[in-house]
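Observations on the three-dimensional arrangement
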Amino acid sequence: MISTPALRRLGPIVRSFRLQSTAASVPGAPDFNPSQNVHPGDTQAPLLLYTAGTPNGRKVAVLLEELKVARGLQYDVHKITLSKNEQKEPWFLALNPNGRIPALVDRNRGGFAVFESGAILVYLAQHYDVGRMFAFDPAREPEAYSEMLQWVFWAVSAHARYTDETERLYGVLEMRLADRDHLVGPGRGKYTIADINAHPWVAGHKWAGVESLDRWPNMKRWVEGIAERPAVQAGFAV
Ligand SMILES: N[C@@H](CCC(=O)N[C@@H](CS)C(=O)NCC(=O)O)C(=O)O
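Each value, and the rule that gives it
Residues numbered from 1 in each chain as written. Predicted model: local features only at pLDDT ≥ 70, side-chain atom pairs only at ≥ 80, totals over all residues. UniProt positions renumbered as here; feature names shortened; annotations may be inferred. Core = buried A, V, L, I, M, F, W, Y, C linked by C-beta atoms within 7 Å. Buried ≥ 20, exposed ≤ 12 C-beta atoms within 10 Å, placed from the backbone. Domains from an automatic or database assignment. Contact = placed C-beta atoms within 7 Å. Helix = DSSP H or I, 4+ residues; strand = E, 2+ residues; numbered from the N terminus. Expected span 1.5 Å × (residues − 1).

The name given to the protein in an unreviewed UniProt entry is Glutathione S-transferase, with Sphagnurus paluster as the source organism. The annotation that UniProt attaches to the protein under Sequence similarities (unreviewed entry) is "Belongs to the GST superfamily."

Written as structure tokens, this is what we have:
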């Protein structure tokens, strides 16, 4: 079910869409039942990820794969065809009013919908990473938790539209990683959602017009180390 807060955001248009919609009445999605977020091939796993093969989609798939390895958490995937503007269709806007991937539906929690990649990572860490393997605990480790959020917010608000700005941001990571293996945590740090969030964007440096990472040896070591994790490779393949 589409969550009540998501419906409230869209108001009467979506309420009437939802009441009237059947699998056959959704243009372009004849085999999809939006009132239940059910797609052909779904296993009715606890979580359903709407994504595409882009850095913002990949970071969420990576955390889901890490949680699958660590805890056996299962999830369904529905690929969104960005070139067909599927992300702007009313059923998707009911999940994410911003009309962009990724979006997550939590069937365990009444179909609660979450959008914004950073918010999805924080949500998954809160509800599904019970052992805090990929995050810090806000009550027990408030400073590390805050630092983790700082690096997540820093990366999601970074506008690496121009090569100069991308290189400036890589310089920030290079300095941070000079004496540590991960962005946050005591000592050399711990692999958390702060790393998972920033990694696909650095791994896709060629898209950003940066051919080689040799100028940032510490960031390069970090990005290559994370890329070796099986869950990261599986998440990139989703
Ligand atoms: N701030 C958003 C950005 C999401 C975003 O930019 N998604 C892109 C793909 S990476 C998208 O859906 N583009 C299609 C569109 O804008 O219509 C997040 O982090 O989730």
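1. Some points on the nonpolar core
Within the largest apolar cluster, 57 residues are counted, with the highest numbers of intra-cluster contacts made by Leu49, Leu63, Leu121, Met148 and Ile193. Residue assignment places this core across two domains, with domain 1 (4-128) and domain 2 (142-236) each supplying three or more. Once residues within four sequence positions are removed from consideration, leucine 49 is found in contact with Val60, Ala61, Leu64, Tyr75, Val77, Pro102 and Leu104.

2. Observations regarding the environment of tryptophan 222
Residue placement: tryptophan 222 occurs in helix H9 (residues 217-227). Accessibility expressed as a C-beta count within 10 Å gives 25 for tryptophan 222, which makes it buried. In this structure, the C-alpha to C-alpha distance between tryptophan 222 and aspartate 195, residues 27 residues apart in sequence, is 9.0 Å. The contacts of tryptophan 222, once residues within four sequence positions are left out, are Leu177 and Asp181.

3. Observations regarding helix H3 (residues 55-71)
Across its 17 residues, H3 extends 24 Å between first and last C-alpha, which sits within 8% of the 24 Å expected from 1.5 Å per residue. In terms of residue burial, H3 counts as a mostly covered element, since 12 of its 17 residues are buried. For H3, every residue scored as buried is listed here: Pro55, Gly57, Arg58, Lys59, Val60, Ala61, Val62, Leu63, Leu64, Glu65, Glu66 and Leu67. Buried residues belonging to H3 abut strand E1 (47-51), strand E2 (75-79), strand E3 (103-106), helix H5 (117-128), helix H8 (193-203) and helix H10 (230-236).

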